[in-house]
Amino acid sequence: MTDAMVDEKQQASAWFRQLRDDIVTAFEGLEDSHAEGPFADAAPGRFEVTETRRTSDDGSDAGGGLMSVMRGGRVFEKVGVNVSTVYGTLGTAAQTAMAARGVPGIEADPRFWASGISLVAHMQNPHCPAVHMNTRMFWTPGAWWFGGGSDLNPCLEYDEDTAHFHAVQKAHLDPHGEEKYPRLKAWADEYFFIPHRGRARGVGGIFMDDQNSGDWATDFALTQDIGRAFLPAYVPLIEKRRGTAFGEAEKDAQLVHRGLYAEYNLVYDRGTKFGLATGHDANAVLMSLPPMAKWV
């Protein structure tokens, strides 16, 4: 059995909120600094921030968070950066899913606590890659763990962009052991694969789940560095590509590629399934979906 881990929960929740604040500031900075190229004459986008609340079946407080969404910016067509801290009792379906994953004691005592950040960005310019990032901590009376990662989803691939994204992640993971990056990269390649399409949804990244080494501080530090890697891995790619001219063919390729993203998130993504199953705000859970997509 684990203890209540009150201090650890507070540290994790505060970290996810700080990371959210840093990313929102950086993304609005990209909107402000976009001075040349497509959409540069539009007004810079800003995040609309909405507080989300969750209640238990008996009407009691069950946590919530902040949903921050920017739509129609001059760099970001749609980007969501959500943080939440939720708690309560898992329903029957969620209990069954947790038990199947090997979480001990969940059926006897189905209380839970979860906190995390989730980000998905869909870009105006098809030369700019879409991206996903999330990190999270989960607690039950019988176990705790961390999970998350980030992956790049370009519709028009540039080998040098892929190399940069992975190199920054490797540099942040290497201090935790040189075996970490290859293992988490391979995990991402497996996790972000779309079986019914027989292909990956992007060019990969890093991913982990059920991370519990027995040392909470060590695992939290690893989770923090996964989060810290995100902005230096991603922002330079957008600064490089946002001014590139494009035509109808490139935009069409972007819309078709977004269809892959929507299929994956609705069919396979654990976070989407968990959020909907536990009664979290549906708009916050589904903010990852692209504003427009195309199937051919």
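Structure's up top.
Notes on the structure follow. (Residues numbered from 1 in each chain as written. Predicted model: local features only at pLDDT ≥ 70, side-chain atom pairs only at ≥ 80, totals over all residues. Heavy atoms only, no water.)

1. Focus: the pairing of strand S3 (residues 76-89)
Of all 14 residues in S3, eleven are buried, a share of seventy percent or more. Bridging between strand S2 (residues 61-71) and S3 involves nine bridges; their strand directions are antiparallel. Along S3, the bridge assignment pairs Met67 with Asn82. If you look at the hairpin formed by S2 and S3, you'll find four residues sitting between the two strands, and Gly72 has a positive phi there, around 65°. By the bridge criterion, 13 bridges tie S3 to strand S4 (residues 111-123) in an arrangement that is antiparallel. When the sheet's bridge partners are listed, Thr89 is paired in S4 with Arg111. (Buried < 20%, exposed > 50% of the residue type's maximum accessible area, 1.4 Å probe, protein only. Helix = DSSP H or I, 4+ residues; strand = E, 2+ residues; numbered from the N terminus. Pairing = 2+ DSSP bridges.)

2. Notes on the side chain of Lys9
You can see Lys9 is positioned in helix H1 (residues 6-33). A polar contact is formed between the side chain of Lys9 and the backbone oxygen of Ala4, at a distance of 3.0 Å. Those residues within four positions of Lys9 in sequence are excluded, and the remaining contacts are Ala4, Trp113, Met137 and Trp139. (Polar contact = N/O pair within 3.5 Å; in protein donor to acceptor, adjacent residues only side chain to side chain. Contact = heavy atoms within 4.5 Å.)

3. Structural notes on the sheet that holds S2
One open sheet holds the seven strands; their spatial order is S1-S2-S3-S4-S5-S6-S9, and the pairing between them is antiparallel. Two strands in the sheet have a free side with no partner beyond their single neighbour: strand S1 (48-55) and strand S9 (204-211). Neighbour to neighbour, the strand axes of the sheet diverge by 5° on average, direction disregarded. Relative to S9, strand S6 (residues 143-153) runs antiparallel, the two sharing six bridges. Bridged to Gly149 within S9 is Phe207. Together, strand S5 (130-140), S6 and S9 form the strand contacts of helix H3 (residues 159-173), whose direction differs from that of S9 by roughly 35°. (Axes fitted to C-alpha atoms, helices over the stretch in contact; angles between N-to-C directions.)

4. Quick notes on the pairing of S2
Summarising burial for S2: nine of the eleven residues are buried, a large majority. One ladder, built from seven bridges, connects S1 with S2; its direction is antiparallel. Directly across from Thr52, in S2, lies its bridge partner Gly65. Where S1 folds back onto S2 in an antiparallel hairpin, the turn is made up of five residues, including Gly59, whose phi is positive at roughly 90°.

5. Quick notes on the nonpolar core
The biggest cluster of nonpolar side chains holds 50 residues, and the ones touching the most others in it are Ile23, Phe27, Phe76, Phe230 and Tyr234. A total of twelve residues in this core trace back to one element, the largest contributor, which is helix H5 (residues 216-241). (Core = buried A, V, L, I, M, F, W, Y, C linked by side-chain atoms within 4.5 Å.)

6. Points about the packing of aromatic side chains
Applying the stated rule across the entire model yields 18 aromatic pairs. Ring pairs connect the aromatic residues Trp187, Tyr191, Phe192, Phe207, Tyr264 and Tyr268, which therefore count as one cluster. Note that Lys9 overlies the ring of Trp139, its terminal NZ or CZ placed 3.8 Å from the centroid. (Phe/Tyr/Trp six-rings, centres within 6.5 Å; stacked < 30°, edge-to-face > 60°. Lys NZ or Arg CZ within 6 Å of the ring centre and 35° of its normal.)

7. Looking at the pattern of salt bridges
All told, the structure shown has 22 salt bridges when counted by the stated rule. Glu179 is paired through a salt bridge with Lys180; the nearest N and O atoms lie 3.3 Å apart. Each of Arg101, Arg136, Asp209 and Asp210 takes part in a single network of salt bridges with overlapping partners. (Salt bridge = Lys/Arg side-chain N within 4 Å of Asp/Glu carboxyl O.)

8. Looking at the packing of H1 against H5
At a closest axis distance of 11 Å, the pairing of H1 and H5 adopts a crossing angle of 5°. Compared by their axis directions, H1 and H5 come out roughly parallel. Listed contacts from H5 to Glu8, Gln11, Ala12, Trp15, Phe16, Leu19, Asp22, Ile23, Ala26, Phe27 and Leu30 of H1 are Trp216, Phe220, Thr223, Gln224, Gly227, Arg228, Phe230, Leu231, Tyr234, Val235, Ile238 and Glu239. Broken down by class, the residue content of the contact of H1 with H5 amounts to 15 nonpolar, four polar and four charged. (Parallel < 35°, antiparallel > 145°, perpendicular 65-115°, else oblique. Nonpolar A, V, L, I, M, F, W, Y, C, P; charged D, E, K, R; others polar.)

9. Some details on the packing of H3 against helix H4 (residues 180-191)
Between H3 and H4, the shortest axis-to-axis distance is 9 Å and the interhelical angle comes to 130°. Taken together, the axes of H3 and H4 are oblique relative to one another. Crossing angle aside, the handedness with which H3 passes H4 is right-handed. On H4, the residues touching His166, Gln169, Lys170 and Leu173 of H3 are Lys180, Tyr181, Leu184 and Lys185. (Left-handed = near helix turned anticlockwise from the far one by under 90°.)

10. A short note on helix H2 (residues 92-100)
Among all positions in H2, only Ala94, Gln95 and Met98 are buried. Buried positions in H2, seen along its axis, are confined to an arc of 100° and lie on one side of it. The exposed residues of H2 that point more than 90 degrees off its buried face are Thr92, Ala93 and Ala100. Lining the buried residues of H2 we find S5, S6 and helix H7 (270-277). One or two residues past the end of H2 sits Gly102, with phi positive at roughly 95°. (Arc of directions from axis to C-beta.)

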